[in-house]
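Listed below, chain by chain, are the residues.
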Amino acid sequence: MLNALTVVTVVIVGLMVGVEFAVAFIMGRILDALPGDAGQLGHAHGGRMLGALMPFWYIGSVLLSAVWAVARWQDHGAGLVVTAAGLLIVSVVMSILLLVPINNRNKTWTPENRPADWKQQLQQWNRYHYVRVAVIIAAFTLLVTALA
């Protein structure tokens, strides 16, 4: 049962890293290259879609990592799992304090109601997101290393 927990945790966090990496380095560039207002509308739709899913994914990743750390406290690598859980908590706090406020505004924007500084706000979101991606990649790396 504990082996299944570790595998599920690594897979869930790994998939989250992959999605967030794609958002950071692929989707934004695709959306920004679209003509007219299509890119901004795509950003808004992505904010609504992923904004509804990601809280469960992030919190679930923290909980799975915490359960792993407690269940395997005596095992080699428990410190790595605790550190990974801590980094995932940092990513949740970053999300709540920095990214979600911008995303909540972005997901309501249309070409008719978006603010004049909408591009700057999306650029700020991207900068925060790059840091968050680095944090969750570090957490994922620690989880994988803890398996060894």
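These numbers were taken from a predicted model, which means no experiment stands behind them.

Re the overall build of the protein
Thought 1: From N to C terminus, the protein includes 4 helices and 0 strands.
Thought 2: The secondary structure elements of the protein, listed N-terminal to C-terminal, are α-α-α-α.
Thought 3: Judged by the C-alpha coordinates and their principal axes, the protein covers about 55 × 25 × 20 Å.
Thought 4: Here the protein holds 148 residues, and the buried ones make up 38% of them.
Thought 5: When contacts within the protein are restricted to residue pairs at least 6 apart in sequence, long-range pairs at least 24 apart make up 82% of them.
Thought 6: In the protein, 9 side chains carry a positive charge and 6 a negative one; their mean positions are 2 Å apart.

Quick look at the pattern of salt bridges
Thought 1: Applying the stated criterion across every chain, the model contains 3 salt bridges.
Thought 2: Across the pair Arg114 and Asp37 runs a salt bridge, and its minimum N-O distance is 3.0 Å. Highlighted residues: Arg114 in the loop between α3 (78-106) and α4 (118-147) and Asp37 in the loop between α1 (2-33) and α2 (38-71), separated in sequence by 77 residues.
Thought 3: Judged by relative accessible area, which is 33%, Asp37 ranks as partly exposed.

Notes on the packing of α3 against α4
Thought 1: Where α3 meets α4, the axes come as close as 9 Å, and the angle between the chain directions of the two elements is 160°. As the angle between them shows, α3 and α4 are arranged roughly antiparallel. Between α3 and α4 lies a crossing of left-handed hand.
Thought 2: Class assignment of the residues belonging to the contact of α3 with α4 gives a composition of 21 nonpolar, 9 polar and 2 charged.

What to know about the environment of Leu63
Thought 1: Among the secondary structure elements, Leu63 is positioned in helix α2.
Thought 2: Residue classification places Leu63 among the exposed residues on the basis of a relative accessible area of 52%.
Thought 3: Taking the C-alpha atoms as reference points, Leu63 and Leu142, 79 residues apart in sequence, are found 16 Å from one another.

Thoughts on the packing of aromatic side chains
Thought 1: What the rule picks out here adds up to 2 aromatic pairs.
Thought 2: Ring geometry for Phe21 versus Phe25: centroids 4.7 Å apart, planes at 45°, classification tilted. A residue pair is termed a helical-turn pair when its members lie 3 or 4 positions apart in one helix, as Phe21 and Phe25 do in helix α1 at 4 residues.
Thought 3: Accessibility expressed as a relative area gives 40% for Phe21, which makes it partly exposed.
Thought 4: Taken together, a centroid distance of 5.3 Å and an interplanar angle of 15° make the contact between Phe25 and Tyr130 stacked. With Phe25 in helix α1 and Tyr130 in helix α4, the pair connects residues that are 105 residues apart, well separated along the chain.
Thought 5: In this structure an aromatic cluster arises from ring pairing among Phe21, Phe25 and Tyr130.

With respect to the side chain of Ser65
Thought 1: One can find Ser65 in helix α2.
Thought 2: For Ser65, a relative accessible area of 0% translates into the label buried.
Thought 3: Non-local contacts of Ser65, meaning those with residues more than four positions away in its chain, are made with Thr9, Val81, Ala85, Leu88 and Leu143.

Rules behind the numbers
Residues numbered from 1 in each chain as written. Predicted model: local features only at pLDDT ≥ 70, side-chain atom pairs only at ≥ 80, totals over all residues. Heavy atoms only, no water. Helix = DSSP H or I, 4+ residues; strand = E, 2+ residues; numbered from the N terminus. Buried < 20%, exposed > 50% of the residue type's maximum accessible area, 1.4 Å probe, protein only. Contact = heavy atoms within 4.5 Å. Lys, Arg positive; Asp, Glu negative; His and termini not counted. Charge placed at Lys NZ, Arg CZ, Asp CG, Glu CD. Salt bridge = Lys/Arg side-chain N within 4 Å of Asp/Glu carboxyl O. Axes fitted to C-alpha atoms, helices over the stretch in contact; angles between N-to-C directions. Parallel < 35°, antiparallel > 145°, perpendicular 65-115°, else oblique. Left-handed = near helix turned anticlockwise from the far one by under 90°. Nonpolar A, V, L, I, M, F, W, Y, C, P; charged D, E, K, R; others polar. Phe/Tyr/Trp six-rings, centres within 6.5 Å; stacked < 30°, edge-to-face > 60°.

None of the figures reported here should be taken as evidence of function without further support.
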